[in-house]
Every structure is written in structure tokens, then in C-alpha cells.
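What follows is each chain in one-letter form.
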Amino acid sequence: MKSAPFDYFKPGSVADACARLASESGGAVAIAGGQSLVPLLALRMAPAVTLVDLGGLSALGQFAKTSDGVRIGAGVTHAAIEDGKVPDPSGGLLQRVAGGIAYRSVRNHGTIGGSVALADPAADWPACLLALGATARISGPSGERVEPMEALLVGAYTTSIAAGEIITAFDVPALPTGTRWSYQKVVRKSGAFAMSIGCVIVRPDRAAVVVLGGTTTRAQLLVETATAFGGDEARLRAAIARDLASVQQDADDYVKRLHTATLLKAVREAAG
Amino acid sequence: MKAKVSLVLNGESVSAEVEPRETLADFIRERQGLTATHLGCEHGVCGACTVEVEGQTTRSCLTLAVRADGMHVKTLEGLAADPAMMVLKRWFHDEHALQCGFCTPGMLITARDILSRHRAPDAGTIRKELSGQLCRCTGYANIVKAIEAAGRELAGA
Amino acid sequence: MADTHEPTGWIGARLKRKEDGRHLAGAAQFVADIRIPGLKDVAFVRSQVAHGHVRGIVKPADKSAQVFTFADLGNVNVLPAGPEMPSFKLGPYPPLAMDRVRFAGQTIAAVVAGTRGEAEDIADTVVVDIDELPAVVDCVAAMQPGAQKLFEHWADNAYITSTITEGDIARAAAAPIQVRRQFRMNRQATVTLEGRGVVAHWDRRLEELVVYLSTQGAHVMRIGIAQSLGLPEHKVRVIAPDVGGGFGGKNRLMPEEVAVAALAIKCGHPVRWIEDRREHLIASVHARDHTYDLTISAERDGTLIGVEGDVYVDAGAYALWPTGSFMETSMAARNLPGPYRIKALKVNTWTVATNKAPMGPYRGVARPGACFAIERLVDEMAREIGRKAFDLRRQNIVTKAELPYTTVGGMTFDTGDYVASLDMARDLIGEVAVRKRQSQSESDGRAIGVGFAFYSEQSGHGAAEWMKRKGRIIPGYESCNARMNSDGSVILAVGTQCFGQGHDTTYAQIAAHELGIDPSLITIRYGDTSTTPMGFGSFGSRSIVFAGGAVAHAGRQLADKIKKIGAHLMQADPATVHIENGRVHASSEGVAASLPIAEVARAANIRQELLPAGMSPLLEVTSTYEPRDSAGVFSYGTHAAVVAVDPDTGVVEILDYAISEDCGTVINPMIVDAQVQGGIAQGIGTALYEEIPFSSEGQPLATTFADYHVPGALEVPLVRVGHLMHPAEGTEYGVKGVGEGGAIAPPAVLGNAIADAFRSIGAQPNETPMTPRRVSDAIAAARAAMGVRS
Ligand SMILES: Cc1cc2nc3c(=O)[nH]c(=O)nc-3n(C[C@H](O)[C@H](O)[C@H](O)COP(=O)(O)OP(=O)(O)OC[C@H]3O[C@@H](n4cnc5c(N)ncnc54)[C@H](O)[C@@H]3O)c2cc1C
Ligand code: FES
Ligand code: FES
């Protein structure tokens, strides 16, 4: 199980990287931590002509506090967040999510940007960042743009990132004191991708946010469930059922029970 | 296309022209002839190939050799004189923490990393930290015991 | 010498393992670690489809010399495999496909190149033209009239069918209580952490083919390779270096191994193939895949009467050499009565060919399925008649006074105390406290269940038993060549294979016991056909009984000669001599004398003038051993587990796990406990995690460890082990085999624990792995049947 041959390019800057990615559209692929891409290459499931290595780009590895939260470079690893090296404006949510991804040796290299860019429907960062209302900063041949997570995530393994573009950072807004959150996931076994993720954030100043991950499409904001937050169980169940009917039409009875249980647990924990 | 890789492997500088597709695991095993690093899946799940890159545990099957250019890499062979590793090995032997031995190098490197991040960890912590290292023979119990005992000894407890 | 030898000293000692050092140093040598100058890598072109006629294989023009089809390999014999019975239909498995492919992943061509990556590049460019046929993926449907056939010349898709009718069937049919259930134990892989692998080259100096093979039995594989290639056996040397786990999966001759051996001759340079994980999951030995439809019958008072029904085993596309997997059905059927005084057994069995990878043995062979079926049935019967399952088990299990006891399935249980085993497991798990917790509701909405399951494990079965099974090779003995060197150190060469079980240590303990020397003076050799005597390898929990016995015999014969020479050297009466602590002691007529064994060894090896007149030099013997009773001895035990189950997600957490076990006399308790713990980890995999599902086109759907879930440190609990010890009567020291038992009962005990958690509604966790989806669906179905909202 060895990769097909490919070329390797180490860009000197983000612009360099974008230029190379744009020039070989379809053939050039960015590599960040490589923790998802390398196995896909080894299985010969992702043909690549040239790997453009984002690993050495210092701009992507940085993080800093901003006026209303924190900016996390796309190349920041799960382990750096787990270890609290990155200022956490979310009251521990980022740290908790990071520490629950895969295994330490994968977290040492896997990046937040790679995780979002891959857009695995069962991955953790897309669900978490969507719930936090983060925005992605994206660089490309035509300059920089910002995109909220809601617009970035398109479907399973599909994002709005165009050829020649890379994610450079995420702006994660701070959660005010008094915010409550819950992050629940159901896995087949420890470290495996989730079957279901429920993330609920309740800020004192806003309505609750409820996100479901582990669907067959992408992490989804559940509007009805968020509205029903605080209601009794029957009301919540009804709201979840309506949300599921719209965000995952193909859900069978088991998937409905599974997601409902995950969401109820997250809602209950966030409600305190 | 070939690329030149120079890295420090177990304290020695090595360099070679490699194809970009060559993994660090294959570089270590096939090119450098160091075979303590084992391959159990080549897709990042089993942990048998775990080595240290720049002091961090790394799945060598998920790392391209070209990307380790300029870095310090350590395998089990290079940790023979490491004090924590020596304590771990003694406890692995005492607690019968290996059967076929195929998972053992990855287990030891991961165990050393666990003990460097957690002082005298309890069994629950060890199990969580070890969850990415598959062993098909032991059922883990003795591995957990060995790491727990080594952790206590190293913490002077 | 008597079989019942008082165990003392090294027997029963917790000796740390002799084999650890090289592994801890990272200096072990597995097949992939073998380096031979000029070595080239092999990759295989494999079938993308499950079933079809091969119409053509087009090699890339510029690389055609590196691509080999079956025709290019030279004269390779495709060996008949499976039992030697006229009723067993043969389906030859060529090393590379000829005109037909029968499962997705079957080898079609081999590519040789400088690196594995390059070989895979070329393999990707080989074009295979296949006319697809419908895939046969359901073993029950495969037996319906008109089903697509795998082998045109067969009457139907069954390798073999049989009906077992024993005991009072009429009484069973008329019994007042009948409980019928369907069970499935799905297909899985054996998953050694080291995959299979082979390195082969023609040694020009010795004029022989050398094959390094990750195998459980080098000698038997040599026979297979020699026959396949048409070479005399003395021209083939098979070496099993360090082997990274076996569990049954490395005990059959596989197509890649024959192809690589043939390529070594054809190409004239060393070649190797190292199985990768995807190949392991799609094309290595597959296991389990049992389907049961059974009825258990009982009197109103709970006396069990009979088991009746159908057993299907999906054996995949071919029978693997030598014996195939046909034992699977007969063993499943014969184990269905379990340890109970069941008086009637009527089972129809089918061993069916389907378009899936061939099935082979895996730790526990057939019994995990049979144990799951009977132990779940006992629990269901208990629920049906309103009894506690534990009590019903205790009421029907064979008592100590009844042993030896021949079950209606024809198994003769030897020594033990099965009731005590049940009671010990109940006490270990603390059933009273668990029941109390169960009666209160959990704050997280989960339900608590406790389950029990009894298993037995036949080991040490000899020639007569294997002849009954019509094996092509009868593994009825083991051998040991023991040699004491001139300094008193000892080399023991055996025909079994260690792949983690600690043979270097336990065999040394046995020899140390017999020779009165320290185990550190003893080296064990195995896994090389040119340095070890003929033997059958390690499987079926046979090593400690057979090879342990051969080592004991060889040690005793050496000891006898040592005593004779020692007596002569001390001018003592041989009858008064014994050996102890590395010395020969004489104590005739009140005078005590002694001398080091090393002096005897020196005399025997290099100072013949010191030997008694007429005595031959050397301290060297080769012994063979077969236990007195060919029917085997039975280890047994009771597993007990407590689970917490989320009824909605269906996630099962094992809260506690205990086992009472009895494997007769223990040579090394540390190693026995570790075999139990490791076996249970694999059994938990079967019970809750591991499965290779297939699409309706016959495509395997778990092809990486991302889809095929091997339990990790958080999924496998610490198992508490309690011991009973009833030595066997027919083996050396009273040992019984212990390798497989741990893997047999976990599906049964976890199924019973999950069912117990939902006993009030009668949820039916009857299909493994009991995934969250299956468990949740079973609970939902039971609730629906009761009219409860889920
Ligand atoms: C055994 C195992 C278990 C795992 N379990 C989990 C889990 O439980 N939860 C989870 O969330 N993840 C899990 N992962 C995935 C892991 O988190 C990866 O690290 C992550 O998905 C990808 O990050 P990466 O930096 O390694 O990206 P890479 O593998 O380098 O790249 C992934 C994809 O993203 C693209 N990409 C990378 N960076 C950028 C960028 N800055 N801009 C645009 N495109 C980019 C690449 O081109 C590629 O297509 C697991 C991985 C493994 C091996
Ligand atoms: S071989 Fe690298 S994780 Fe399995
Ligand atoms: S000891 Fe064999 S895999 Fe761990």
C-alpha cells in the first residue's frame, strides 16, 4: 500500500503556495499535517501530481488574541490547542474538542485547517467552529477573503474553497462569561470518527446554537432545536425530529434515535 | 522527481535522494535498515510505526520522508540509553506487557511520551492515551500495569 | 515414566519471559525485517469484482517481463484442499487466477519491481478483462435451487452438508417448552498486527529454496510448498522468524506464498511480499460467519432436553490447504449441547461456497459461534419459563460427580468442577451488588445488565480425533530434539511455533524441571525446518500439551543417561542417583557425593574415555509425544460481565469482566493469565466491534482499520481471573491447552448481559458484532413488540 508517485513543492510564502496550486489545477494538492491526505494517497484514492507543502509556512502556524476573540492559524495542530498553547476564548471548548480528536501522535501533526478543508462530515472541527460562529480567512490568487463556516461547509468533503485557495486562519469569537456549552460525540471506538456529534452553545446574550455533526452531508445548524432550547423533552424531541427531516432526509430509524439521543444529551448538559 | 533529505536519525546525520512518496517509515526501515519501527496498517490507525520527530510522537507511516528534512528523528533503537525508556522496558518485562512483540516498539515510544506529559498517571489516563496503539495479543492489561508502575517509579512515588 | 508427575519447582513458577529482550531492544526479526542483497518486491494484481470469467490479462508493453500470470509461473501444482472425503467437493485455489475469479481481492497476477511502490505502479497498469457473473453473498440463499453456482461441476454450492442426529429426538420434539431463535456471527478477519509475509530465494550454495514465512507451522508449509512446486522436500527450507501473532490466520498455505516461492525460482533473485492491511482485510483468512436457526427444548421444571435446527457456515470461495475450514460446521454442531445434560441433538449443517475470501481457522474455531448460540438459548429459555438464567445453567450443567461425561455431541469432558466454576464467576462479578444497582435506575438513562457464559476448550486431541475429521495431515504428535552441550547447556528443538505465547520460557521451565538445571541454560529453537524435528506447528491450543509433553519426555531421557554417567563417574549405584540444582547426587550407603551435570556433559561430548563401557557418547535424544487419550482434554471456565447499555445510541460499555478458569496444571501462571486476557480482547472484538460486511455485489466494505474496528485499550477492560485447578489425567503434569478459551465466550457473555439489561422487554441481541445500531434496533424492536414508545 504505497502512494503513486508525485512531485513535491515547498513554497516560500502563502502567495507562492496559492500560485502553484492554481497553476496545476486538479493536479496540485496542499498538504498540511498529512494525517488525512497521506493515507488517502497510500490507498491510491487521491491522485496527486504535486504536493504543495504548507507545513513550513510560518504565517499558518501562528495564533493571536484579537479584539473579539482569537485568530488561529490554519496550520496550528490539534495538540497545540489541546495543550492550551493557543488562547482559548471559548471557555475550554476548543481544548476539549482538540483533545478528543484521534490519538496524540495524530494530533501532534493534524491541523485545524486541514480538518476543515477536508470537510469530513464526521470530523470535529467543522462542527465545533460552526457552533462557535467562526470565520475562515482564505487566500487565493485573487487575494484574501473571509468566509463564515456556514458558507464554507458545502457538503460531504466539499467546501467553497476554490482551486488555488488555501485557508490561512480562523477567527473564533470569544464567548462571554456565563456561556454554557456541551460537546457530545458517539463513536464506534475511541479515537474513531464520530457517528454523531452534538454541540450546543448558550451565551447569556443570545439564543442557543445547536449543531449536529456526523450526518451524511456536513455539520448542520439546527434551527428548530435551538428555538426549542429550554423547553420540555417532548417539545425538544419534536423540534429535533423536524430538524432531522430537513438536514438529513435519508436518516433511518436508528440514525434518528442516535442523533436525537446525542442532541438531547448536549442540550441537557448545556442547560445545566 | 527525487528530492534530497537530510535528517538526524538517532543522533546521526543521514541523507539520501528519495522519491517524495517515500514515507518516513520506509526511509527508516528500507533505506537506513532500522527495523524496530513496524508497519501494522500504513494508514495511521495502529500506532506500530510510532517514532519521535522533533520530540513529538509521530506516525512514521503518515509522514513523508521529504517533510522530515532537517529534523531530529528518534526510533526505539536510538532510545536505548534513555533513562525513562530503560525503566519502561524493565517494567514491560516484569509485568509481561508483550507477547508477539510486534506492537512493542510503538507502545514503548508512546508510553515514554505519556510519562513525559503526565506525572505518575493512573490507569484511566494511560488507557485513554494508549487508545491509538493497537495490540492484538495482550488485551492491554499488562501494558497498562507496566506503564503505571514505570510512571510511579519515575515520579519517585 | 508415569504421566502424573508431581509438579514442583519450575513447574508453576512465574518465570519472566526469555523472549522479551530482543523485542524490547527493537532487535526482533520479523519477515519484513529480513534483508537479502538483490531483494525485489512483489505486488499483486487483484480482482476488483467478486465473480467472473477472466477473458484476458494485458500486461503493459514496456514492463511485461515484470508481470507474471499463472501461466508464467512455470509448473505449479494446484493442491487439492479440504478433508479427504468423497462427499467433500473440491474447489482448487490457484496461486494466481486461471480462468475464473471468485472473490474481490483474489490474486490474478504478480508484479516484481525494485520497490513495493514501483510494483504497485505497474500493477495499476495491468488490464484484466473479466466477464462478470452474479455474486453469491448470502450462504443461505446460495443453497436455494437455481442459485448462481461458484463451481459449474458441483451439484450445488455446498462444500459438504451433514445431518447429526443423536439421542432421543422424539422426546425433544414433544417437550412442553420450545424456544426458537436465530443467531448470526458475522464474518471477520483474524488481524494479526503483523500481516502475513514471505521472502524467498534460491540458495545457490546449498541448492535449495529458502522461504522465510510468517507462519504458525513451518514444517507443514514446507510440505505444501514442495508439493506445489514439485520439489523434493529436502530442497525446500522454510524459516519462520519472529512471528507477529498467528491466531489461526497463519496456519494455511496461501496463494501469495506459493506465487512468491515460484517467483524466487523463476526470477533467480530474492523476492518478497509483505501483506498490507488492506490485503489482510480483503484477501487473508476470514473467520466466523455462522448462521443458526435453533430450537431448544425443556421440561417445565427447566430440565433441558434437546437442541435442534440448522447451522450454516459461509466458507468463502475456496478451501485452503491443507484442511480447509470444514471443521467449522462439525465443531459448531458438536459443541451446541455445551456443558449441559442435553439428551437430544438434531442439526443439519451446510458448509457453503460464496464469493468471499476463503475461510480459515481463527482463535476458538467454531466454538465462539456455538457458545453464543447455546448460551443465549439457555438465557432465553430461562426467561421463557421465568427462571434466573444462572440457576437454569446450574441446574443443567454436568456435575463433578458425572465426569468424565460424554455429551450428546460426542465430546468427552475429562476433569473439572463446572458447578464450582459457575459459582466462582458469580462471586467474582459480585452478582448480588450488580442486581442491586440494576434495580435502581441510572442517572444517565443507561440500563445495567449482567451475563454469564460457560465455555469449554478441547485441546491435545490426537491422531484418532484428526482421523475422524479426515484431515489430509494428521497432527497427532509433536517432537523434541534435546541436546546437551559439553558445558551442560541445552538446546531443545521443537516443531511447534511461538508467535507470542512464551514457548521459549514455558518449554525451558519443563526441561529445567526434568533436568534439574536453571532455565537460563536452555535455549529453545523452532521455526526452521532445517534445524528442528518434524512437527505440526501451533494451533488448536495444542502446544503445551503436545510439545510440552515431547520436551518432558526428551528431558527425562537425557536425565536418565546423565544419571547413569554420573553414577559411573562417582562410582555410585545408579539406583541411588538423582539430579537437582545442576548436580548429580548419589547417596548410597550413607555416603553423599555429587558432581556438576556439566562434568557429565563434558564426558559425554568430548571425553568418551570417562563413559561407562559400551555406552554411546553424546547427550542427545529426539522424542515424540502424543497424549494417552486421543480425544483430548478440556479446559473450561465461566465468563461473567456487567454492561451498561444506552438504549438509544445502542452503545455498550463493559463495566466489569471476570472469569473463573481451569486449564489443569499451570506451567507459568503469568503466561496463562495473559493468554486469557488477550483471548478475551479478541473475543470482545468479535462480540462488539469486528466485521467485514459485503455489498450485494460481493464487495468487502471494511478494507482499512478506519472501518474495521479493532478494540483498543479503552474498549478492553481489565479482566479479573479466578483459578480452579483440576489436572488432566492423560497429559504430562496434568496440563491442558489454554490458547483459545478467552476468545470463545465473550460474544455469549456480552449478548447475555445486554439481553439481561432489557430482560423485561425481551430484547434479542443475537447477531455479532453487537454494534450500537444492532443493539439499539434490537431494543426498539422489543419495545415495539411490547407497545412501548422508543
Ligand atoms: C487514525 C486517525 C483518526 C482520526 N480521527 C479523527 C477524529 O476523531 N476527528 C477528526 O476530526 N479528525 C480525525 N482524524 C483526522 C485528523 O484530524 C486530521 O489531522 C485532519 O482531518 C486533517 O488535517 P491535516 O492537517 O492532517 O490535513 P492534511 O491531511 O494535510 O490535508 C487534508 C486535506 O485538507 C487540505 N488542506 C490542508 N490544509 C489546508 C489549508 N490550509 N487550506 C486548504 N486546504 C487544506 C489538503 O489538501 C487535503 O485535501 C483522524 C485521523 C487519523 C489518521
Ligand atoms: S503503521 Fe502507522 S499507524 Fe499503523
Ligand atoms: S504483543 Fe502482539 S501485538 Fe502487541
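Only a predicted model underlies this, so the values are computations on that prediction, with no experimental measurement involved.

Trainee: In this structure, what is going on with the overall build of chain A? I would like to understand it.
Mentor: Along chain A, the regular secondary structure elements total eleven helices and 14 strands. Taken over the C-alpha trace, chain A has a radius of gyration of 19 Å; the compact-globule value for 272 residues is 19 Å, and the two agree within 12%. Seen through its principal axes, chain A has C-alpha atoms that stretch 55 × 40 × 35 Å. With 272 residues in all, chain A has 58% of them scored as buried. In chain A, 61% of the contacts between residues at least 6 apart in sequence involve partners at least 24 apart. Surface summary for chain A: the accessible area is close to 10,200 Å², and the carbon and sulfur share equals 55%.

Trainee: Would you explain the packing of aromatic side chains in this entry?
Mentor: Each aromatic ring pair is summarised here by two numbers: the centre-to-centre distance and the angle between the ring planes. Residue and element names in this part refer to chain C. In total, this model carries 19 aromatic pairs over all chains according to the counting rule given. Considering the side-chain rings of Y93 and Y318, the 4.4 Å spacing of their centres and the 5° angle between planes classify their relative orientation as stacked. In this pair, Y93 is assigned in the loop between β3 (67–68) and β4 (100–101) and Y318 in the loop between β14 (304–314) and α7 (327–335), connecting sequence segments 225 residues apart. Exposure remark for Y93: the relative accessible area of 12% places this residue in the buried category. Assessed through its relative accessible area of 1%, Y318 is described here as buried. Both rings, one in Y418 and one in F454, keep their centres 4.9 Å apart while their planes meet at 45°; by these two values the pair is tilted.

Trainee: Can you walk me through unusual backbone geometry in this structure?
Mentor: Peptide bonds are, in most cases, trans, and in most cases residues other than glycine have a negative phi. Residues and elements named next belong to chain C. Note that the residue after L403, namely P404, is joined by a cis bond; omega there is -10°. Summarising the element assignment, P404 is placed in the loop between α9 (389–396) and β16 (405–406). In this structure, the amide linkage connecting T768 to the following residue, P769, adopts the cis form with an omega of -10°. Along the chain, the position of P769 falls in the loop between β29 (767–768) and α19 (772–786). Positive phi outside glycine occurs at L618, with the angle close to 75°. Note on placement: L618 falls in the loop between α15 (597–606) and β25 (619–625).

Trainee: Looking at this model, I keep getting lost on the packing of helix α2 (residues 83–94) of chain B against helix α3 (residues 104–117) of chain B. Mind explaining?
Mentor: The relative placement of two packed helices comes down to the angle between their axes together with the axis-to-axis distance. Residues and elements named next belong to chain B. Orientation of α2 relative to α3, taken along the N-to-C sense of each, is 125°, at an axis distance of 10 Å. Of the possible angle classes, the one that applies to α2 and α3 is oblique. α3 is crossed by α2, and the crossing has right-handed handedness. On α3, the residues that touch A84, M85, L88, K89 and F92 of α2 are T104, M107, L108, I109, A111, R112 and L115. Residue composition of the contact of α2 with α3, grouped by class: nine nonpolar, one polar and two charged.

Trainee: Explanation requested: the interface of chain B and chain A in the structure shown.
Mentor: When the parts come together, some accessible area is lost, and that loss is often what is quoted as the size of the interface. Every contact between the two is made by 27 residues of chain B and, on the other side, 29 residues of chain A. Interface area, chain B with chain A, both sides summed: about 2,400 Å², of which 51% is carbon and sulfur. On the chain B side of the contact with chain A, R21, L62 and R67 of chain B bury the most area, a combined 29% of that side's loss. In this structure, R67 of chain B and D53 of chain A form a salt bridge, with 2.6 Å as the shortest nitrogen-oxygen distance. Our count for the contact surface shared by chain B and chain A stands at nine residue pairs in polar contact (both at pLDDT 80 or more). For the side of chain B that touches chain A, the elements supplying multiple residues, two or more each, are β4 (56–59), α3 and α4 (123–129) of chain B. Here the element with the most residues in the side of chain B that touches chain A is β4 of chain B; it accounts for four residues.

Trainee: Looking at this model, I keep getting lost on the interface of chain B and chain C. Mind explaining?
Mentor: Counting residues at the interface gives 43 residues for chain B, matched by 53 residues for chain C. Carbon and sulfur atoms supply 57% of the area that chain B and chain C bury against each other, a total of about 3,800 Å² over both sides. Along the contact surface separating chain B from chain C lie six salt bridges. Between R21 of chain B and D121 of chain C there is a salt bridge, with the nearest N and O atoms lying 2.6 Å from each other. The set of elements that each furnish at least two residues to the side of chain B that touches chain C consists of α1 (24–31), α2, α3, α4 and α5 (141–154) of chain B. Counting residues per element, the side of chain B that touches chain C draws most heavily on α2 of chain B, at four residues. Residue composition of the side of chain B that touches chain C, grouped by class: 18 nonpolar, 13 polar and twelve charged.

Trainee: For this particular structure, what's the right way to read the side chain of E328 of chain C?
Mentor: Looking at the element boundaries, E328 of chain C is found in helix α7. Those residues in contact with E328 of chain C, other than ones at most four positions away along the chain, are R288, H290, V313, M359, G360, V365 and A366 of chain C.

Trainee: Could you clarify how one ought to interpret α19 of chain C in this entry?
Mentor: Along an α-helix, residues three or four apart share an orientation, since each turn contains 3.6 residues. Under the 1.5 Å per step criterion, the end-to-end length of α19 of chain C is 21 Å for 15 residues, consistent within 8% with the ideal 21 Å. Downstream of α19 of chain C by a residue or two, G787 of chain C has a phi angle that is positive, lying close to 80°.

Trainee: Help me understand the sheet that holds strand β24 (residues 593–596) of chain C in this model?
Mentor: What links the strands of a sheet is backbone hydrogen bonding, and the strands pair in either a parallel or an antiparallel sense. Residue and element names in this part refer to chain C. Pairing within the open sheet is antiparallel, and its three strands lie in the order β22-β23-β24. With one partner strand each, in any of the chains shown, β22 (577–580) and β24 form the two edges of the open sheet. Going from strand to strand, the sheet's axes swing by 25° on average, the running direction of each strand aside. In the packing of helix α14 (residues 543–570) onto the sheet, contacts are made with β22, β23 (583–586) and β24, and the angle to β22 comes to roughly 115°. In this fold α15 packs onto β22, β23 and β24, with an angle of close to 65° to the strand it touches most, β24.

Trainee: Could you clarify how one ought to interpret the site of ligand 1 in this entry?
Mentor: Around ligand 1 there are 33 residues in total, and A30, G34, L37, T111 and D124 of chain A lie nearest to it. More than one chain reaches ligand 1: its neighbouring residues belong to chains A and B. The backbone of G34 of chain A places a nitrogen or oxygen atom 2.7 Å from an oxygen atom of ligand 1. G191 of chain A is positioned with one of its backbone polar atoms (N or O) 3.3 Å from a nitrogen atom of ligand 1. Relative to its unbound accessible area of 960 Å², ligand 1 is 93% covered by the protein chains. Sorting the residues of the shell around ligand 1 by element identifies β2 (28–31), α6 (112–118) and β10 (166–173) of chain A as the ones contributing at least two each.

Trainee: Where do I start with the domain arrangement of chain C in this structure?
Mentor: Residue and element names in this part refer to chain C. Domain annotation for chain C reports domain 1 (20–27 + 477–625), domain 2 (34–133 + 196–243 + 251–283) and domain 3 (286–463 + 629–786). Each of domain 1 and domain 2 has a C-alpha centre, and these two points are 40 Å apart. With 18 residues of domain 1 at the contact, the number on the domain 2 side is 17 residues. Counting the surface domain 1 buries against domain 2, the share from its top three residues, Q497, F499 and T529, is 40%. Here domain 1 and domain 2 share two salt bridges between them. Across the contact surface, domain 1 and domain 2 share eight residue pairs in polar contact (both at pLDDT 80 or more).

What counts and what doesn't
- Residues numbered from 1 in each chain as written.
- Chains lettered and ligands numbered in written order.
- Predicted model: local features only at pLDDT ≥ 70, side-chain atom pairs only at ≥ 80, totals over all residues.
- Heavy atoms only, no water.
- Helix = DSSP H or I, 4+ residues; strand = E, 2+ residues; numbered from the N terminus.
- Rg over C-alpha atoms; globule rule 2.2 N^0.38 Å.
- Buried < 20%, exposed > 50% of the residue type's maximum accessible area, 1.4 Å probe, protein only.
- Contact = heavy atoms within 4.5 Å.
- Areas by Shrake-Rupley, 256 points an atom, 1.4 Å probe, with all protein chains shown as cover.
- Phe/Tyr/Trp six-rings, centres within 6.5 Å; stacked < 30°, edge-to-face > 60°.
- Axes fitted to C-alpha atoms, helices over the stretch in contact; angles between N-to-C directions.
- Parallel < 35°, antiparallel > 145°, perpendicular 65-115°, else oblique.
- Left-handed = near helix turned anticlockwise from the far one by under 90°.
- Nonpolar A, V, L, I, M, F, W, Y, C, P; charged D, E, K, R; others polar.
- Buried area = accessible area lost by both parts, 1.4 Å probe.
- Salt bridge = Lys/Arg side-chain N within 4 Å of Asp/Glu carboxyl O.
- Polar contact = N/O pair within 3.5 Å; in protein donor to acceptor, adjacent residues only side chain to side chain.
- Expected span 1.5 Å × (residues − 1).
- Pairing = 2+ DSSP bridges.
- Near = heavy atom within 4 Å.
- Domains from an automatic or database assignment.

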